[in-house]
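So the chains spell out like this:
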Amino acid sequence: SGDEAGTMPFGLAPPAPNPAVGRVALTFHLAQAAENAQLAIYDALGREVAQVAQGAREAGEHTVALAASRLAPGVYNVRHTSGGQYASRSLTIVR
C-alpha cells in the first residue's frame, strides 16, 4: 500500500547547536525498528571517542544529548549506523 504519511527515512539531522559549547542534541531517524542502532562520535583521525547510543530502537525519530564538555575542542564526525546503512555529520566543539 506504499509508505505511510509521515514516515521518516533513515538519517541523521545536523547536530544542534553546532558549533557547540555545552550540550548538543543529536537526532537520528530509523525507517524501521533496528536491533542494533548506533550513534558514535569519531575524532579527526577516525578514532571512536564516544558511544552516544547503542542498542534496539523503534522506528522513528530519536534524540540523545551529548555533553560537549566531554570532548576536547575540535572537529568531530557523528556517525549513525544501523542495518548496513550509515549517515554522518560534522560537529565542532568550542570553548
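Quick look at the structure, then. Please read all numbers here as calculations on a predicted model, not as lab measurements.

1. Brief notes about the nonpolar core
Among the nonpolar cores identified, the biggest contains 22 residues, and Leu26, Leu39 and Ile41 are the most heavily contacted of them. Contributing elements (two or more residues each) for this core: strand E2 (23-30), strand E3 (34-42), strand E4 (48-57), strand E5 (60-67), strand E6 (74-82) and strand E7 (85-93). Excluding residues that lie within four positions of it along the chain, leucine 26 makes contacts with Pro15, Leu39, Ile41, Val52, His62, Thr63, Val64, Leu66 and Val78.

2. Side note on the packing of aromatic side chains
If you walk through the whole model with that rule in mind, you get 0 aromatic pairs. Across the ring face of tyrosine 42, the terminal group of arginine 79 is positioned such that the distance to the ring centre comes to 4.3 Å.

3. With respect to the sheet that holds E2
Judged by pairing direction, the sheet is antiparallel, and its 3 strands sit side by side in the order E1-E2-E5 without closing on themselves. In the strand order of this sheet, the two ends are held by strand E1 (11-12) and E5, each with one partner. Sheet topology places E2 next to E5; 8 bridges connect them, and they run antiparallel. Residue pairing in the sheet places valine 24 in a bridge with leucine 66 of E5.

4. A look at the pattern of salt bridges
Opposite charge on two side chains makes pairing possible when the charged atoms of those side chains draw close. Here the structure, examined in full by the defined rule, presents 1 salt bridge. Between aspartate 43 and arginine 47 there is a salt bridge, and its shortest N-O distance comes to 2.7 Å. Judged by its relative accessible area of 14%, aspartate 43 is buried.

5. Some details on the pairing of E3
Pairing of E3 with E4 involves 7 bridges; the strand directions are antiparallel. Across the sheet, residue isoleucine 41 finds its bridge partner in E4, namely alanine 50. By the bridge criterion, 5 bridges tie E3 to E6 in an arrangement that is antiparallel. When the bridges of E6 are listed, tyrosine 42 appears paired with asparagine 77.

6. Observations concerning the sheet that holds E4
Ordered in space as E4-E3-E6-E7, the 4 strands form an open sheet in which the pairing is antiparallel. Edge positions in the open sheet fall to E4 and E7, since each of these has one partner strand only. Within this sheet the neighbouring strands show an average axis-to-axis angle of 15 degrees, counted without direction. The pairing of E6 with E7 spans 9 bridges and is classified as antiparallel. Along E7, the bridge assignment pairs valine 75 with threonine 92.

Thresholds, definitions, all that
Residues numbered from 1 in each chain as written. Predicted model: local features only at pLDDT ≥ 70, side-chain atom pairs only at ≥ 80, totals over all residues. Heavy atoms only, no water. Core = buried A, V, L, I, M, F, W, Y, C linked by side-chain atoms within 4.5 Å. Buried < 20%, exposed > 50% of the residue type's maximum accessible area, 1.4 Å probe, protein only. Helix = DSSP H or I, 4+ residues; strand = E, 2+ residues; numbered from the N terminus. Contact = heavy atoms within 4.5 Å. Phe/Tyr/Trp six-rings, centres within 6.5 Å; stacked < 30°, edge-to-face > 60°. Lys NZ or Arg CZ within 6 Å of the ring centre and 35° of its normal. Pairing = 2+ DSSP bridges. Salt bridge = Lys/Arg side-chain N within 4 Å of Asp/Glu carboxyl O. Axes fitted to C-alpha atoms, helices over the stretch in contact; angles between N-to-C directions.

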